[in-house]
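Letter by letter, the chains look like this.
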Amino acid sequence: MLRLAVLAVLFVLSACATQPVEAPCAPASGACPVYKAPEDARGACAPACAAPATVPTPAIPSGFQPWAEGYEEALRFVVGDQLQITLPFYDDEDVTTTVAPDGNIYVGLVGKVAAAGRTPDALAADLKSRYARYLRFPEVGVVPTSFGSRQVFVGGEVDKPGAYPLRGPTGALEAVYEAGGIKDTGEPKNVILIRRGPNDLPMMRFLDLNSFAKDGTPTENTLLKPFDIVVVPKSQIARINLFIQQYIEGVVPFNHNFSYVLFDAGK
């Protein structure tokens with residue numbers, strides 16, 4: 001009885017996972033003919049086939065704010081960035097320093113100052129208030145002179161998940177290729193892109209990399225920004241196979257070579 005129940009579950013799952021074969025597109029009434037002469041194209045005609053249905057996009061999970069198209073975040077310092085601090089009225093206090101692994105810079109007169117995650121203007125304002133304790137004219141300028149590693153993170157169903165340096169204009173598809181490409185178990189039509197948005201809150205969108213590779217739709221290969229996260233999810237068939245492996249094969253011994261032939265009629 002248990003075996004019959006397992007077989008029934010497998011039958012239902014396999015039916016769900018199987019993609020139906022599309023029937024040949026039947027010409028509609030009044031479909032466009034194959035034009036042989038200019039006058040053949042004068043009359044109106046209906047398209048022979050309807051456009052294929054688009055792949056439904058999953059809902060954005062709670063906790064993510066709506067995608068802010070065109071949002072530009074100000075440059076913020078990260079570990080490894082080098083910057084120059086200038087004091088116009090005190091040239092001898094000018095210094096070039098690097099954001100240390102603990103996220104701070106160390107300046108002789110004012111000591112340790114937090115720099116990672118701050119914009120140049122915010123850091124300059126903080127330094128000005130600190131220098132005001134020692135100097136009469138504490139005007140401060142902060143100029144980035146070189147940059148540490150800006151990375152993007154690629155995970156999910158790719159061959160080599162991890163962090164990759166962002167060396168120039170890079171789209172989501174290029175980052176996936178750099179991570180070894182999408183596995184057979186991955187779903188390229190709903191790749192997840194997560195980015196820090198306004199007020200430092202995360203925002204999420206889905207990318208159809210198949211559409212970009214096929215039609216060149218530019219919005220489906222969004223240019224990445226430092227510290228973006230790209231995740232390739234499992235495909236539906238991969239999730240079903242995982243369910244079978246975890247909850248059926250792992251619990252009930254099942255022989256894939258099981259034969260439905262109960263006896264040999266020739267014997």
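## Examining the overall build of the chain
Now for step 1: Per the secondary structure count, the chain includes 5 helices and 10 strands.
Now for step 2: Per-residue burial over the chain gives 31% buried out of 267 residues.

## Some remarks on the environment of Pro-169
Now for step 1: Residue placement: Pro-169 occurs in the loop between strand E7 (162–165) and helix H3 (172–178).
Now for step 2: Each C-alpha atom of the pair Pro-169 and Leu-223 lies 6.5 Å from the other, and the pair is 54 residues apart in sequence.

## Focus: the environment of Pro-226
Now for step 1: Mapping Pro-226 onto the fold places it in the loop between helix H4 (209–215) and strand E10 (229–232).
Now for step 2: The sequence separation of Pro-226 and Arg-167 amounts to 59 residues, and the corresponding C-alpha distance is 9.8 Å.
Now for step 3: In contact with Pro-226, other than residues within four places in its own chain, are Arg-150, Gln-151 and Leu-166.

## Description of the packing of aromatic side chains
Any aromatic ring pair is given by two values, namely how distant the centres are and how the planes are angled relative to each other.
Now for step 1: Applying the stated criterion to the full structure yields 1 aromatic pair.
Now for step 2: Ring centres of Phe-89 and Phe-137 lie 5.4 Å apart, and the angle between their planes is 40°; this geometry places the pair in the tilted category. Pair noted here: Phe-89 is in the loop between strand E1 (82–86) and strand E2 (95–98) and Phe-137 is in the loop between helix H2 (120–131) and strand E5 (141–146), with a separation of 48 residues, a long-range link.
Now for step 3: Using a relative accessible area of 53% as the deciding quantity, one classes Phe-89 as exposed.
Now for step 4: Directly above the ring of Trp-67 sits Arg-205, whose terminal nitrogen or CZ lies 5.9 Å from the centroid.

## Some points on the nonpolar core
Now for step 1: Counting 19 residues, the largest nonpolar core has Val-154, Val-176, Leu-209, Leu-224 and Val-230 as the members making the most contacts within it.
Now for step 2: Contributions of two or more residues to this core are made by strand E6 (151–156), H3, strand E8 (191–196), strand E9 (202–207) and E10.
Now for step 3: With 4 residues, H3 is the single largest residue contributor to this core.
Now for step 4: Filtering out sequence-adjacent residues up to four positions away, Val-176 remains in contact with Val-154, Val-158, Gly-181, Ile-182, Leu-209, Val-230 and Val-232.
Now for step 5: Of all hydrophobic cores here, the second largest spans 18 residues; its members include Val-99, Leu-135, Val-140 and Val-142.

Conventions and cut-offs
Within each chain, residues carry numbers counting from 1 in the order of the written sequence. The predicted origin of the model limits local features to residues at a pLDDT of at least 70 and limits the giving and counting of side-chain atom pairs to 80 or more, whereas totals for whole chains, interfaces and linings rest on all residues. By convention in this description, side-chain values take in all heavy atoms of the structure and omit both hydrogens and water. Segments assigned H or I by DSSP are reported as helices when at least four residues long, segments assigned E as strands when at least two residues long, and all are numbered from the N terminus. Each residue is assigned to one of three classes by its accessible area relative to the maximum for its type, calculated with a 1.4 Å probe on protein chains only: buried under 20%, partly exposed between the two thresholds, exposed over 50%. Here, two residues are considered to be in contact whenever any of their heavy atoms come within 4.5 Å of each other. Working definition: a ring pair exists when centres of Phe, Tyr or Trp rings (six-membered ring for Trp) sit within 6.5 Å. Plane angles under 30 degrees give stacked, over 60 give edge-to-face, the rest tilted. Two conditions define a charge sitting above a ring: the NZ of Lys or the CZ of Arg must be within 6 Å of the ring centre, and it must be within 35 degrees of the ring normal. Nonpolar cores are built from buried Ala, Val, Leu, Ile, Met, Phe, Trp, Tyr and Cys residues. Side-chain atoms within 4.5 Å join them into one set.

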